[in-house]
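Per-entry structural report
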Amino acid sequence: MCPEVPPLKILVTVKLVPDTNADKRIDPATKRLVRTGVETVLNPFDEYAIEAALQLKEKLNDGSTVTIVSMTPVSGKEIVRKALAMGADDAVMLSDDAVAGSDLWGTAVALAATIKAQSPDLVITGTQSTDAISGDLPGMLAEKLGYPGLTYARKLEVDGGRVRVQRETETGYMTISAALPAVVSVTKSANEPRYPSLKGIMGAKKKEIKQLAVADLGLTVAVGTDGAKAQLTDLATPPARAKGQVIQAPDPAEGAKAIVQFLKDRKFL
Amino acid sequence: MKNVIAFIEHKHGTIRRSSLEAATQARALADQLGGKAHAVVAGDGAQQAAATLKKYPLDQIHVSDEDRFIDGAVDAVEFVAKAAGPSLVLVGNTMIGRDVGSRFAARVDCGVNADVVEFKTEGGEVSCVMPKLGGLVITTCKLTGSDYGVAAIRPNVFAAKETSGAGEIVQIASSGKASTVTVEDEVDEAAAELGVEEASVVVSGGRGMGGPEPFTTILKDLAEAFGGAVGASRAAVDAGWVSHGHQVGQTGKTISPQLYIAVGISGAIQHKVGMRTSETIVAINKDGNAPIAEFADLLVAGDAFAIVPELTKLVRDAKAVHA
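Before going into details, it helps to say that this report is about the structure given with it. Starting afresh in each chain, residues are numbered from 1 along the sequence in its written order. Chains and ligands are labelled sequentially in the order written, the chains with letters from A and the ligands with numbers from 1. Thresholds applied to this predicted model are a pLDDT of at least 70 for local features of residues and 80 or more for the giving and counting of side-chain atom pairs; totals over whole chains, interfaces and linings are not thresholded and use all residues.

Attention shifts here to the overall build of chain A. Elements are defined by DSSP. Helices are runs of H or I of four residues or more, strands are runs of E of two residues or more, and each kind is numbered from the N terminus. A count of helical and extended segments in chain A gives seven helices and 15 strands. Classification of the 269 residues of chain A by burial places 46% in the buried group. Counting other C-beta atoms within 10 Å of a residue's own tells you its class, since 20 or more makes it buried, 12 or fewer makes it exposed, and anything in between is partly exposed; those C-beta atoms are placed from the backbone.

Have a look at this one:
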């Protein structure tokens, strides 16, 4: 007989980002991303985290739950609801002007406090966001929460109060494990995120989205723009790449020769 | 900030190139800040790595023999940083480097700048220049509000130079702590190869490759002729032709090699943001009007399956002449 293991409370962090294909801009005055006129979407990397959580919940099938956590303005509510439509049970949003403009450190502090208040067994994140592309938040959350951090997981399983993952490496993988509660970031190789079903979309309208403010978290340090420890001082648009030369090469040998000549001119050969 | 501490990533004693770049850059920044250049290396093979670091211009090389995966490395960096005083910690922007840098930053409550391509120092303050939003904007962020700061440097941007360094090797005493994470095994599925982030030449294939085979034949051959790495577009990865580690683009890696050769890649924004900061871009595509024509330095329109092997042959010949 296996010992009775209580159901898990699984948390998934999600970020709202400008659409991958949108022409993103930064406002020179506020030095923040201009979000008007640009569609906001769930960070594509976070969809793998949601899917991993849902698959784990379905596999455990013991009353374990999936809660979405997001630090986002109130306007992000309908996008958070998309995560609920995929099958998550409920959501918690930290929506407060005091966290606007937070750097990585401030985000980690505020998000960790939000997560801690939910007393999770397992926190699942994506590996990075498509706007900041730092990949630093999972490690920072693990540290701030005091949980083991198992990052870059392409496979994840929970058994007997431990989480075991296959961590991607440059040449293969490592199998690493730790006691719960823990933070796990999952890679794109982990799964194929599902699309919300019609039933899921309808059901999501009734699911609870709890809204928290900084005052609810008992934070003792300033986050947001003023508390940032990496302060944006300048932003510039890089010079556009000029359109280069186009050569039609019906004869492959001529095409190859043209490339070699080009590479010689540029001292690559 | 005054001192600079390079975290050294290695595999059983063999140091990653991005860490040698960090070690070299540590000296340059320490000189600008008027402090010392340190390196920290931990885990199985640390002594061997330290011996290699003797060839780099460091003041002190701190060695921890504790093999506690990320935990041991973060503890070692913290130990050295606390002893050194106000310091900038440099890590490579790699999976391990990010984990160590981010955990250290959270632990000591300092700022962290990711994917740094340039440093600016003024009056003891350090600012980092980083392309964001896939290279659409270049941001500069000052590390402030703490005695410490972390910068994850983009591989292949800063030089790694051996000099007549003679850093003093300093042993870090064992902490006796247990690791929170257990490493159960490590499996190599592919031969150790240069990653797309670190290669100076990257040959990438896209949807136009039509299947997995070209990635292990014609593209690989061309990459090898340059001593480079094979990359891929999202379409090729999503089709299962090549593993995600090779993906260049928005949901893959953002790279800036000296030479990027895109084969059968149309150049959608998804891909463009991952490679637009390459120094030189050459495209081979059947369609001369593909979007990639707008930002490639040279586009050759023709049959990639015939052009690539011919090109490989000519590149090998040209290299043989110089050899």
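From N to C terminus, chain B includes nine helices and 18 strands. Computed over C-alpha atoms, the radius of gyration of chain B comes to 21 Å, within 12% of the 20 Å expected from 2.2 N^0.38 for 323 residues, which places it in the range of a compact globule. Projected onto its principal axes, the C-alpha positions of chain B cover 60 × 40 × 40 Å. Counting across all 323 residues of chain B, residues that qualify as buried make up 61%. Within chain B, residue pairs in contact and separated by at least 24 positions form 66% of the contacts whose partners lie at least 6 positions apart. For the radius of gyration, the atom set is restricted to C-alpha positions; the globular benchmark scales as 2.2 Å times the number of residues to the power 0.38. Any pair of residues counts as being in contact when their C-beta atoms, constructed from backbone geometry, are within 7 Å of one another.

On to the interface of chain B and chain A. Across the boundary between the two partners, chain B contributes 75 residues, which contact 71 residues of chain A. Considering every element that reaches the side of chain B that touches chain A, the biggest residue donor is helix H4 (residues 95-108) of chain B, with nine residues. Each residue is assigned to one of three groups, with Ala, Val, Leu, Ile, Met, Phe, Trp, Tyr, Cys and Pro labelled nonpolar, Asp, Glu, Lys and Arg labelled charged, and all others, Gly among them, labelled polar. Taken together, the residues of the side of chain B that touches chain A sort by class into 34 nonpolar, 23 polar and 18 charged. Pairing between strands requires that DSSP locate at least two bridges from one strand to the other. The pairing of strand S14 (residues 230-236) of chain A with strand S10 (residues 137-143) of chain B spans six bridges and is classified as antiparallel. Looking across to S10(B), one finds that Gln231(A) is bridged to Lys142(B).

Between two packed helices, both the angle of their axes relative to each other and the distance between the axes serve to describe the pair. All names here are of chain A. Structural elements are reduced to axes, namely lines fitted to C-alpha atoms, with helices fitted over the stretch in contact, and the angle between N-to-C directions of any two is expressed from 0 to 180 degrees. Closest axis-to-axis distance for the helix H3 (residues 104-116)/helix H4 (residues 137-145) pair is 9 Å, and the angle between their directions is 55°. Viewed along their axes, H3 and H4 adopt a mutual orientation that is oblique. Helix-helix and strand crossings are classified by hand; for H3 and H4 the assignment is right-handed. Between H3 and H4, the residues in contact are Leu104, Thr107, Ala108, Val109, Leu111, Ala112, Ile115 and Lys116 and Leu137, Met140, Leu141, Lys144 and Leu145, respectively. Relative orientations are named as follows: roughly parallel for angles under 35 degrees, roughly antiparallel for angles over 145 degrees, roughly perpendicular for angles from 65 to 115 degrees, and oblique for any other angle. Note on convention: near helix rotated counterclockwise from far helix by under a right angle means a left-handed crossing. Clockwise means right-handed.

Take Glu157(A): it is sitting in strand S9 (residues 149-159). For the pair formed by Glu157(A) and Leu56(A), sequence separation is 101 residues and the distance between their alpha carbons is 7.3 Å.

It is worth spelling out helix H3 (residues 69-84) of chain B at this point. Residue and element names in this part refer to chain B. For H3, which comprises 16 residues, the first-to-last C-alpha distance of 23 Å matches the rise-based estimate of 22 Å (1.5 Å per residue) to within 8%. In terms of burial, H3 is a largely internal element, 12 of the 16 residues being buried. Along H3, the residues classified as buried are Phe69, Ile70, Asp71, Gly72, Ala73, Val74, Asp75, Ala76, Val77, Val80, Ala81 and Ala84. Looking one or two places after H3, you find Gly85, whose phi comes out positive at around 85°. Expected helix span is given by 1.5 Å per residue-to-residue step, counting one fewer step than there are residues.

A few words now on the sheet that holds strand S14 (residues 201-205) of chain B. With respect to topology, six strands assemble into an open sheet ordered S15(A)-S18(B)-S17(B)-S16(B)-S14(B)-S15(B), the strand pairing being parallel. The strands lining the two open edges of the sheet, one partner per strand, are strand S15 (245-248) of chain A together with strand S15 (229-232) of chain B. For this sheet the average axis-to-axis angle between neighbouring strands, irrespective of direction, equals 20°. Across five bridges, strand S16 (residues 259-263) of chain B lies against strand S17 (residues 280-285) of chain B in parallel orientation. Looking at S17(B), one finds that Leu259(B) is bridged to Thr280(B).

Moving on to the sheet that holds strand S7 (residues 90-94) of chain A. Strand order in the open sheet formed by 10 strands is S13(A)-S7(A)-S6(A)-S1(A)-S8(A)-S12(A)-S9(A)-S10(A)-S11(A)-S13(B), and the pairing between neighbours is mixed. Strand pairing shows two members of the sheet lacking a second neighbour, strand S13 (209-212) of chain A together with strand S13 (182-188) of chain B, which therefore form its edges. Adjacent strand axes in the sheet meet at a mean angle of 30°, parallel and antiparallel pairs treated alike. Taken together, the five bridges between strand S8 (residues 122-126) of chain A and strand S12 (residues 182-186) of chain A define a ladder with parallel strand orientation. In the strand pairing of S12(A), Thr125(A) is matched with Ser185(A).

A word on unusual backbone geometry. Cis peptide bonds are those with omega within 30 degrees of zero, and the linkage from Leu180(A) to Pro181(A) qualifies with -5°. At Asp109(B), a residue that is not glycine, the phi angle is positive and equals roughly 55°. For Asp109(B), the location among the structural elements is in the loop between H4 and strand S7 (111-116). With 16 C-beta atoms counted inside 10 Å, the residue Asp109(B) sits in the partly exposed group. Positive phi is not limited to glycine here, since Asp115(B) has a value of about 65°. Inspection of the secondary structure puts Asp115(B) in strand S7. Overall, Asp115(B) belongs to the buried group, with 24 C-beta atoms counted inside 10 Å.

By the secondary structure assignment, Ala306(B) is in helix H9 (residues 304-322). Once the C-alpha coordinates of Ala306(B) and Ile218(B) are considered, the two residues, 88 residues apart in sequence, prove to be 9.5 Å apart.

Time to look at the pairing of S15(B). Residues and elements named next belong to chain B. Here S15 shows two buried faces, one formed by Ala229 and Gly231 and the other by Val230 and Ala232. When S14 meets S15, the two strands line up parallel, connected through four bridges. Note on S15: the bridge partner recorded for Val203 is Val230.

Where helix H7 (residues 252-265) of chain A meets H9(B), the closest approach of the two axes is 8 Å, and the angle between their N-to-C directions is 45°. Taken together, the axes of H7(A) and H9(B) lie oblique to each other. In the packing of H7(A) onto H9(B), the handedness of the crossing is right-handed. Along its contact with H7(A), which presents Pro252(A), Ala253(A), Gly255(A), Ala256(A), Lys257(A), Ile259(A) and Val260(A), the element H9(B) presents Ala306(B), Ile307(B), Glu310(B), Leu311(B), Leu314(B), Val315(B) and Ala318(B). Grouping the amino acids of the contact of H7(A) with H9(B) by side-chain chemistry returns 11 nonpolar, one polar and two charged.

Right, let's get into the pairing of strand S6 (residues 65-71) of chain A. Residue and element names in this part refer to chain A. Among the seven residues of S6, six are classified as buried, and the element is accordingly described as predominantly covered. Pairing of strand S1 (residues 9-14) with S6 involves six bridges; the strand directions are parallel. In the sheet register, Lys9 faces S6, and the bridge partner there is Thr65. Once the chain exits S6 it traverses helix H2 (residues 77-86) before rejoining the sheet at S7, and the crossover so formed is right-handed. Handedness of a crossover is defined as follows: orient the strands so they point away from the viewer, and if the path from the first strand over the helix to the second runs clockwise, the crossover is right-handed.

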